Amino acid sequence: MTARSDTPQTPGAPAVAPPSKHQLALMIWIAVFPTLTILNLILGDLLAPLPMIVRTLVLVSIAVPIVIYGAMPVLHRARRAIILRRRQRVSTVGA
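Nothing here was measured: the structure is a model prediction, and the numbers come from that model.

A.B. asks: Looking at this model, I keep getting lost on the overall build of the chain. Mind explaining?
C.D. replies: For the chain, the count of helices and strands is two helices and zero strands. Across the 95 residues in the chain, those meeting the buried criterion constitute 16%. For the chain, the proportion of contacts with a sequence separation of at least 24, taken over those separated by at least 6, is 69%. Accessible surface computed for the chain: about 7300 Å², of which carbon and sulfur atoms make up 71%.

A.B. asks: Honestly, helix H1 (residues 21-47) in this entry has me stumped. Any pointers?
C.D. replies: Given 3.6 residues per turn, any residue in an α-helix points the same way as the ones three and four places further on. For H1, which comprises 27 residues, the first-to-last C-alpha distance of 34 Å sits more than 12% below the rise-based estimate of 39 Å (1.5 Å per residue). When the local axis directions of H1 are compared, the greatest deviation, roughly 45°, occurs at Leu41. Met27, Ala31, Thr35, Leu39, Leu43 and Leu47 are the residues of H1 that are buried.

A.B. asks: Whenever I open this one, the nonpolar core confuses me. Can you help?
C.D. replies: Proteins that are soluble and globular tend to have nonpolar side chains buried together. Within the largest apolar cluster, five residues are counted, these being Leu39, Leu43, Leu47, Leu59 and Ala63. Of all the secondary structure elements, the ones that give two or more residues to this core are H1 and helix H2 (52-94). Considering every element that reaches this core, the biggest residue donor is H1, with three residues. If we ignore the near neighbours within four places in the chain, the residues touching Leu47 are Arg55, Val58 and Leu59.

A.B. asks: What is the right way to read the side chain of Thr35 from this model?
C.D. replies: Mapped onto the secondary structure, Thr35 falls in helix H1. According to the relative accessible area criterion, Thr35 is buried, its value standing at 12%. Setting aside residues up to four positions removed in sequence, Thr35 forms contacts with Ala63, Ile66 and Val67.

A.B. asks: How do you make sense of the side chain of Arg79 when you look at a structure like this?
C.D. replies: Residue placement: Arg79 occurs in helix H2. Look past the residues within four positions of Arg79 in its chain and what remains in contact with it is Val16, Ala17, Pro18, Pro19, Gln23 and Met27.

A.B. asks: Would you explain a nonpolar patch on the surface in this entry?
C.D. replies: A cluster of nonpolar side chains, contributed by Leu26, Trp29, Ile30 and Phe33, occupies part of the molecular surface with about 450 Å² of accessible area. Within the fold, Phe33 resides in helix H1. By relative accessible area, which is 48% here, Phe33 ends up partly exposed.

A.B. asks: Could you clarify how one ought to interpret the environment of Leu84 in this entry?
C.D. replies: Residue placement: Leu84 occurs in helix H2. Along the backbone, Leu84 and Val16 are 68 residues apart, and their C-alpha atoms lie at a distance of 7.9 Å.

Definitions and limits used
Residues numbered from 1 in each chain as written. Predicted model: local features only at pLDDT ≥ 70, side-chain atom pairs only at ≥ 80, totals over all residues. Heavy atoms only, no water. Helix = DSSP H or I, 4+ residues; strand = E, 2+ residues; numbered from the N terminus. Buried < 20%, exposed > 50% of the residue type's maximum accessible area, 1.4 Å probe, protein only. Contact = heavy atoms within 4.5 Å. Areas by Shrake-Rupley, 256 points an atom, 1.4 Å probe, with all protein chains shown as cover. Expected span 1.5 Å × (residues − 1). Bend = angle between axes of the 7 residues up to and from the residue. Core = buried A, V, L, I, M, F, W, Y, C linked by side-chain atoms within 4.5 Å. Patch = residues over 30% accessible without salt bridge, like charges linked within 9 Å, V, L, I, M, F, W, Y side chains within 5 Å. Salt bridge = Lys/Arg side-chain N within 4 Å of Asp/Glu carboxyl O.

Below you can see the structure in the form of structure tokens.
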């Protein structure tokens, strides 16, 4: 299996498998829930007079780029760091 384009590998860096469906779902939830909560707190009163479909369109138009370009790369790096730390701990214990 080849590396996915959303998880760039540095030459010589240890490879980490892409997240499973369940891990990815959790990562997306961790990114989306606080983003939407904060946006609703900030923009709720401003968007209240608008029809629900327009409010949703505005919130999604702001939230998706924040999640995709901001939160998800951070979560992918954090997941990679956790996996590499666990690998190192296991290899140290097993040695």
